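So the chains spell out like this:
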Amino acid sequence: MVKNKELLQMEDASLSKTSRIKYFNIVIDSGQGAVIKDVEGHEYLDLLASASSTNTGHCHPRIVKAIQDQAAKIIQYTPAYFANTPAALLAQKLGEVAPISGPVKVAWGNSGSDANDGIIKFARAYTGRQNIVSFMGAYHGSTYGSMSASAVSLNMSRKIGPFLPGIVKVPYPDPWHRLPNESETDFVDRMFAAFLEPFQTYLPAEETAVIMMEAIQGDGGIVKAPTAFVKKVVNFAHQHGILFAVDEVNQGLGRSGKMWAIQHFAVEPDLMSVGKSLASGLPLSAVVGRQKIMDSLAAPGHLFTTSGNPITTAAALATLAVIKDEKLVERSAKLGQVAAEFFEEQAKKHDFIGSWRMYGLDGGIDIVDPKSKKPDVVATNKLIYRIFELGAIIISLRGNILRFQPPLVITKEQLHQAFAILAQAFDELAAGEL
Ligand code: PLP
């Protein structure tokens, strides 16, 4: 049997350091639903869903079949020159399910990162304006444009600047930063004042193309802005002819208990990026936007040789059908409620759980020092490695936030199995056994 260790040693010698954030020393071999298996045959409950890129679970039979059927017909002919059937059908379908009223068009990409570059391009082309506004704590991707709009990790900026000019970061209203005794209204007013500050001091609104936002921040810690704040931002954008764009790469496709995270806020974006789970983890992304905006760029302004590839788009059609037929959005909301009850109970029991939130099957659990209430990265790491030993995969965000994002097809039994593992690890940490 090939061993995890041998393969990792072999890979370590040839893979660049930036290619992986290292957690567990295993090599993935196979997966089914919410379970993955390593090359030595050990099974793990996947509470990460491959970074929210397998919302339909691993190897869903309908998606496997769609991929196999399409692969037997044609694997690739560049969509840059010829249309293909699944891509044509998917473009129409995405227009139907997008949270944007009126005529909508789509541009393909290969990753969430390039879709967010697309947002910057389309917004600049349509408005004729240069400046882009994004939020602190955002992760929009790893290409130069999307990385320039991100602000969540120093390692993303070290050694590789300068970045794309014209991008301004404003504070994201993380409820964690609410002052003691501050009401929600006062918090929203304070954060909106901070949002306006650049526009009042050095950033002409009439030269600003787009405000781009993860309505629920993913890598920022699964953090949801207050609805009133998002509404104020959208109103401000409308008043000044600025486009409003949402990044749904991590949070879209049922993850947060709605099809799109922006639907929690009852506002419409002008542009949206989608990726990750769109093709159940195959490399496909899209910019979806109002037709007039999407018509502002001509080929080859935003195209790639393989984007809109027939296998990935066939997989995406099957993915959207599975989400609809298996009611995965409703399932995410319902099971999220069950998970919320579990974490509420755990937070009452353990004072190292500083706070937690769960939107659908989309949760962040802050692990803190019980006395100082400051982030406790050491305790968080002890937990995630113990949880791994007990048979589940969970990782952290920002060092001390447990990221709870299982596949939306996880069964109730598997979910309770996961709770038993988490509860045991929490109890052991509380008892000083880790
Ligand atoms: N946007 C968000 C919100 C993400 O979470 C990510 C990836 O984690 C991206 C964009 C980038 O997507 P990709 O890694 O597919 O380029």
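The paragraphs below set out a description of the structure included in this document. (Residues numbered from 1 in each chain as written. Predicted model: local features only at pLDDT ≥ 70, side-chain atom pairs only at ≥ 80, totals over all residues.)

Re the overall build of the chain
Broken down by element type, the chain carries 13 helices and 17 strands. Judged by the C-alpha coordinates and their principal axes, the chain covers about 60 × 60 × 45 Å. Within the chain, the fraction of its 434 residues that count as buried is 46%. Of the contacts formed within the chain by residues at least 6 apart in sequence, a portion of 73% connects residues at least 24 apart. (Helix = DSSP H or I, 4+ residues; strand = E, 2+ residues; numbered from the N terminus. Buried ≥ 20, exposed ≤ 12 C-beta atoms within 10 Å, placed from the backbone. Contact = placed C-beta atoms within 7 Å.)

So, the sheet that holds strand β3 (residues 43-46)
The mixed open sheet is built from 4 strands, whose spatial order is β1-β2-β3-β15. A single partner strand is all that each edge strand has here, and the edge strands are β1 (28-32) and β15 (392-393). As defined by bridge partners, β1 adjoins strand β2 (residues 35-38) across 4 bridges and the pair is classed as antiparallel. Residue pairing for β2: I28 is matched across the bridge by D38. (Pairing = 2+ DSSP bridges.)

Comments concerning the site of the ligand
Around the ligand, the structure places 17 residues, and the nearest of them are S111, G112, S113, V249 and N250. Tallying contributions element by element places helix α5 (residues 112-127) first for the shell around the ligand, with 3 residues. For the shell around the ligand, the per-class residue count stands at 3 nonpolar, 10 polar and 4 charged. (Near = placed C-beta within 6 Å. Nonpolar A, V, L, I, M, F, W, Y, C, P; charged D, E, K, R; others polar.)

Observations concerning the nonpolar core
One finds I119, A123, V210, L243, A245 and A286 to be the most contacted residues of the largest nonpolar core, which totals 112 residues. Per-element accounting of this core gives the leading share, 9 residues, to helix α10 (residues 310-325). Not counting chain neighbours up to four residues away, the residues in contact with V210 comprise I119, A123, I132, I242, L243 and A245. (Core = buried A, V, L, I, M, F, W, Y, C linked by C-beta atoms within 7 Å.)

Describing the environment of V106
Following the sequence through the fold, V106 ends up in strand β4 (residues 104-109). The exposure class assigned to V106 is buried, which follows from the 20 C-beta atoms found within 10 Å. Sequence spacing of V106 and M191 is 85 residues, and the spatial spacing of their C-alpha atoms is 33 Å. Leave out the neighbours within four places in its chain, and V106 touches A91, L94, G95, A286 and V288.

Some thoughts on the sheet that holds strand β14 (residues 363-367)
As summarised here, the arrangement of the 4 strands in space is β13-β14-β17-β16, forming an open sheet in which the pairing is antiparallel. Either end of the sheet is taken by a strand with one partner, and the two such strands are β13 (353-358) and β16 (395-397). Strand-to-strand twist across the sheet, computed as the mean angle between neighbouring axes with direction ignored, equals 30°. Bridge count between β13 and β14: 5 bridges; the pairing is antiparallel. Bridging from a neighbouring strand, I353 pairs with I367 of β14. Of the strands in this sheet, β13, β14 and β17 (401-404) touch helix α11 (residues 328-349), which is tilted by about 170° from β13. (Axes fitted to C-alpha atoms, helices over the stretch in contact; angles between N-to-C directions.)

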